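Coordinates in review
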Amino acid sequence: MVGFFVLYAAVANVLLGGGRLARMLSAHPETFRLRYDRASSLWFGRVHVEGLDVRVRDPKIELELHVDRADASISLFALLGRRFHTSKVDATGVSWRLR
């Protein structure tokens, strides 16, 4: 069990560190862009992020979200289905624009 925990923490932090995950998810930045200054995860589905910026655009809507700092519980099973689901977010410095 300890080995699985260490493996999870290593893989999660390699993906989150240096913005690797953000670059993977922002393959089409004209429609979706994700950026953050720092992110880490030490427990399954629990993520800490700082300096988060998200932009979503399509012909009918434009959304920009900025979060200074947040801790979130994310469903890892939902991610396997290419969906983002969070049950708890504790954030500070949140601002958003919707057009």
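Scope of this entry: the structure provided in the associated data block. Computed from a predicted model, the values in this text were never measured in an experiment.

Conventions adopted
Residues numbered from 1 in each chain as written. Predicted model: local features only at pLDDT ≥ 70, side-chain atom pairs only at ≥ 80, totals over all residues. Heavy atoms only, no water. Phe/Tyr/Trp six-rings, centres within 6.5 Å; stacked < 30°, edge-to-face > 60°. Buried < 20%, exposed > 50% of the residue type's maximum accessible area, 1.4 Å probe, protein only. Salt bridge = Lys/Arg side-chain N within 4 Å of Asp/Glu carboxyl O. Helix = DSSP H or I, 4+ residues; strand = E, 2+ residues; numbered from the N terminus.

1. Considering the packing of aromatic side chains
- Within the structure shown, the criterion is met by one aromatic pair.
- Relative to Phe44, the ring of Trp43 lies with its centre 5.3 Å away and its plane at 65 degrees, an arrangement referred to as edge-to-face.
- For Trp43, a relative accessible area of 53% gives the class exposed.
- For Phe44, a relative accessible area of 27% puts it in the partly exposed group.

2. As for the pattern of salt bridges
- Within this structure, the stated rule accounts for five salt bridges.
- The partner of Arg99 in a salt bridge is Glu62, with the nearest N and O atoms 2.8 Å apart. Remark: Glu62 occurs in strand S4 (residues 62-74) and Arg99 occurs in the segment after strand S5 (86-98); sequence separation between them is 37 residues.
- According to the relative accessible area criterion, Arg99 is exposed, its value standing at 71%.
- For Arg97, the salt bridge identified is with Glu64, shortest N-O distance 3.7 Å. Taken together, the residues span a long stretch of sequence, with Arg97 in strand S5 and Glu64 in strand S4 at a distance of 33 residues.
- Given the relative accessible area of 55%, Arg97 is considered exposed.
- Residue classification places Glu64 among the partly exposed positions, given a relative accessible area of 26%.

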